[in-house]
Amino acid sequence: HPPPKRPRPRRGSEIRPPTNPPRPPAHHLQLPATAPDTMALTRMMATRAVTALASRPAATGARMMVARGVTMGNDHEILSDYDQQGGRRKIELDEELQGVSTFSRDPIMPPIGAGSKTNPIEVPSGYSERVVGYECPEVHQLMWFTMTKGPLHYIPSIDKYFKLVDAM
């Protein structure tokens, strides 16, 4: 079955798509000086500009930009813990390589009789302050306090004195 033939329109009466006049670029749009509601007008004109830009066909000569990757010498290896550290941890690892213990996590075992006001327990530190923990004999949990260089620190629950001294 052949498709039915449509009648041919007369000359000059062809159906053509409407042609819209070209719109100026968004940066050429100007607000009238006597606009009663400038913000509403600005939003309306900005919406028109965005709509006009979005409806334009893409430029045929447009190039596609491709980001080039930056490669480094160690891209194909897994970095060690040492290579990924910074701050205090990096300082600690650097000094461990030199044989110095910057942040000792070992418990301090004071000599017998230490902890009095005349013979305080000496807590070594490479800094002017250090956080120290002790086990409270009443509740058997760790209690923490911050020591600073200079004054003695007295803990009444264990009846001991502490003093911060240089680690070096």
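Residues numbered from 1 in each chain as written. Predicted model: local features only at pLDDT ≥ 70, side-chain atom pairs only at ≥ 80, totals over all residues. Heavy atoms only, no water.

Here we take up the packing of aromatic side chains. In the structure shown here, the tally under the stated rule is 3 aromatic pairs. Taken together, a centroid distance of 4.6 Å and an interplanar angle of 40 degrees make the contact between Tyr-154 and Tyr-161 tilted. Clustering of aromatic rings is evident, with ring pairs tying together Tyr-134, Phe-145 and Phe-162. Positioned above the aromatic ring of Tyr-127 is the side chain of Arg-88, whose terminal nitrogen or guanidinium carbon lies 5.5 Å from the ring centre. Over the aromatic face of Tyr-82 sits the side chain of Lys-90, whose NZ or CZ is 3.8 Å from the ring centroid. (Phe/Tyr/Trp six-rings, centres within 6.5 Å; stacked < 30°, edge-to-face > 60°. Lys NZ or Arg CZ within 6 Å of the ring centre and 35° of its normal.)

A few words on the sheet that holds strand S5 (residues 160-166). The 3 strands lie next to each other as S1-S5-S4, forming an open sheet whose pairing is mixed. Of all strands in the sheet, those with a lone pairing partner are strand S1 (121-125) and strand S4 (153-155), marking the two edges. With direction set aside, neighbouring strand axes in the sheet form an average angle of 35 degrees. Where S1 and S5 come together, 5 bridges link them in parallel fashion. Among the inter-strand pairings, Ser-125 is bridged to a residue of S5, identified as Asp-166. (Pairing = 2+ DSSP bridges. Helix = DSSP H or I, 4+ residues; strand = E, 2+ residues; numbered from the N terminus. Axes fitted to C-alpha atoms, helices over the stretch in contact; angles between N-to-C directions.)

In this structure, strand S2 (residues 129-135) lies alongside strand S3 (residues 142-148), joined through 7 bridges in antiparallel fashion. Counterpart to Gly-133 in the pairing with S3 is Trp-144.

A separate point is the pattern of salt bridges. A side chain of one charge can pair with a side chain of the opposite charge when the charged atoms of the two come close. Summed over the entire model, instances satisfying the criterion amount to 3 salt bridges. Two residues, Glu-92 and Arg-89, come together in a salt bridge whose shortest N-O distance is 3.1 Å. Of this pair, Glu-92 and Arg-89 both sit in helix H3 (residues 87-97), 3 residues apart, roughly one helical turn. According to the relative accessible area criterion, Arg-89 is partly exposed, its value standing at 32%. One salt-bridge network, held together by shared partners, links Asp-81, Arg-89 and Glu-92. (Salt bridge = Lys/Arg side-chain N within 4 Å of Asp/Glu carboxyl O. Buried < 20%, exposed > 50% of the residue type's maximum accessible area, 1.4 Å probe, protein only.)

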